[in-house]
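Per-entry structural report
The residues making up each chain are set out below.
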Amino acid sequence: MISLAIALSGALAGCGLIGERTCEYDGVDYRPGDTFPDRDGCNGCSCTEDGDVACTLMACTQGCVWKGVTHAPGASFPAGDGCNRCACSSDGTVACTEMACAGACTYDGYPYMPGESFPASDGCNTCTCGEDGSAACTEEGCPEGCTYGGVEYQQGDSFGSLDGCNTCTCTPGGGVACTERYCGCDPSREWWRQYVTTSPEECAVIDLACTGGLTSVSNECGCGCEQDPSCPPSFDCKPPLACDLDEIQRRCPYSAIDR
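The structure presented is a predicted model; accordingly, all values stated were derived computationally and were not measured.

With that out of the way, let us pick up the UniProt feature "domain: Pacifastin" (unreviewed entry) in the protein. Under the UniProt annotation, "domain: Pacifastin" (unreviewed entry) lies at residues 27-63 and 109-145. Taken as a whole, residues 109-145 contains 0% helix and 35% strand, while its terminal C-alpha atoms sit 26 Å from one another.

Here it is as structure tokens:
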């Protein structure tokens, strides 16, 4: 009888009490009284005696987007003009020092260093900051539609962004304009990004150099590079289809290639 009781006790180890209700949240089971983070990254949840999940409803702090890079509240980062620095405030605004920088250009409210290239406001041309502080842009004809995540859209179309929480619109000139609500981050889901490090201390001293069609990214998960948002998750290059593999690997190195 003693050996049977011990075996039964071992079989029930790790299980809830008979009749006890558990909670399931994001694929994880919790017992009444357990607490755990909400999926929004800032609220907390608990499992009630009835098997329900109760979460706090605090408004989550927004982050800041500066020159296409998202920064967490409180983060400090270079302004991009070579001499000033900016800080992300808790209300999602960016405040920068305003020292006069030799030869810097200002375009669409953003500062650039002489020789630095950046997208034109039409979404398809490219500009370069000159030594005299002026911006010179190419004047190629812009397409009528736009491509985002490997999908073609017409001007005026709205669609979800790759981060899963913002909304984008296809703008005149083939550009894509997205809302800039801070969504947090999850490296395991962000196939279009590659993090160099997840340490805030290391990110603060790393001078990222993203080559090819990649741009730098810095958020609460770390810092690294991300590819062009028009790149799809994968390219179908199986025969008889022909693909420019060199161009794909240059512009979309994080996308899969089916051969």
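The structure having been displayed, the exposition proceeds.
Before going further, it helps to spend a moment on the packing of aromatic side chains. Throughout the structure, instances matching the rule amount to eight aromatic pairs. Both rings, one in W66 and one in Y110, keep their centres 4.9 Å apart while their planes meet at 75°; by these two values the pair is edge-to-face. Within this pair, whereas W66 is found in strand 6 (residues 64-66), its partner Y110 is found in strand 12 (residues 110-112), the two being separated by 44 residues in sequence. For Y110, a relative accessible area of 23% translates into the label partly exposed. Taking the centre distance of 5.6 Å and the plane angle of 85° together, the rings of W191 and W192 count as edge-to-face. The class for W192 is buried, based on a relative accessible area of 9%.

A separate point is the sheet that holds strand 8 (residues 76-78). What the three strands build is an open sheet, ordered 8-9-10; its pairing is antiparallel. Of all the strands in the sheet, just strand 8 and strand 10 (94-96) have a single pairing partner and so form its edges. Along the sheet, successive strands turn relative to each other by an average axial angle of 30°, direction set aside. Where strand 9 (residues 85-88) lies against strand 10, three bridges are found, and the strand directions are antiparallel. For C86, the partnering residue across the bridge sits in strand 10 and is C96.

Across the protein, the average pLDDT comes to 80, with 88% of residues at 70 or higher. Counted against residues more than four places away or in other chains, residues 1-16, with its pLDDT under 50, gives one contact.

Take a nonpolar patch on the surface next. A cluster of nonpolar side chains, contributed by V196, V205 and I206, occupies part of the molecular surface with about 270 Å² of accessible area. Residue position: V205 is located in helix 2 (residues 200-205).

Evaluation of the coordinates by the stated rule reveals four salt bridges. Between R193 and E190 there is a salt bridge whose closest N-O contact spans 3.3 Å. E190 carries the same exposure label as R193, and that label is buried. In this structure, D228 engages R251 in a salt bridge whose closest nitrogen and oxygen atoms are separated by 3.9 Å. Of this pair, D228 sits in the loop between strand 23 (222-226) and strand 24 (234-236) while R251 is found in helix 3 (residues 245-251), placing the two residues 23 residues apart along the sequence. The class for D228 is partly exposed, based on a relative accessible area of 25%.

Before going further, it helps to examine the environment of A100. Secondary-structure assignment places A100 in the loop between strand 10 and strand 11 (105-107). Spatially, the C-alpha atom of A100 lies 8.1 Å from that of C83, the residues being 17 residues apart in sequence.

Okay, the nonpolar core next. With seven residues, the main nonpolar core is built from C105, Y107, Y112, F118, A120, C127 and C129. Contributions of two or more residues to this core are made by strand 11 and strand 14 (126-129). Setting aside residues up to four positions removed in sequence, Y112 forms contacts with K67, G80, D81, A104, C105, Y107, F118 and C129.

So, how was this worked out
- Residues numbered from 1 in each chain as written.
- Predicted model: local features only at pLDDT ≥ 70, side-chain atom pairs only at ≥ 80, totals over all residues.
- Heavy atoms only, no water.
- UniProt positions renumbered as here; feature names shortened; annotations may be inferred.
- Helix = DSSP H or I, 4+ residues; strand = E, 2+ residues; numbered from the N terminus.
- Phe/Tyr/Trp six-rings, centres within 6.5 Å; stacked < 30°, edge-to-face > 60°.
- Buried < 20%, exposed > 50% of the residue type's maximum accessible area, 1.4 Å probe, protein only.
- Pairing = 2+ DSSP bridges.
- Axes fitted to C-alpha atoms, helices over the stretch in contact; angles between N-to-C directions.
- pLDDT = per-residue confidence, 0-100.
- Contact = heavy atoms within 4.5 Å.
- Patch = residues over 30% accessible without salt bridge, like charges linked within 9 Å, V, L, I, M, F, W, Y side chains within 5 Å.
- Areas by Shrake-Rupley, 256 points an atom, 1.4 Å probe, with all protein chains shown as cover.
- Salt bridge = Lys/Arg side-chain N within 4 Å of Asp/Glu carboxyl O.
- Core = buried A, V, L, I, M, F, W, Y, C linked by side-chain atoms within 4.5 Å.

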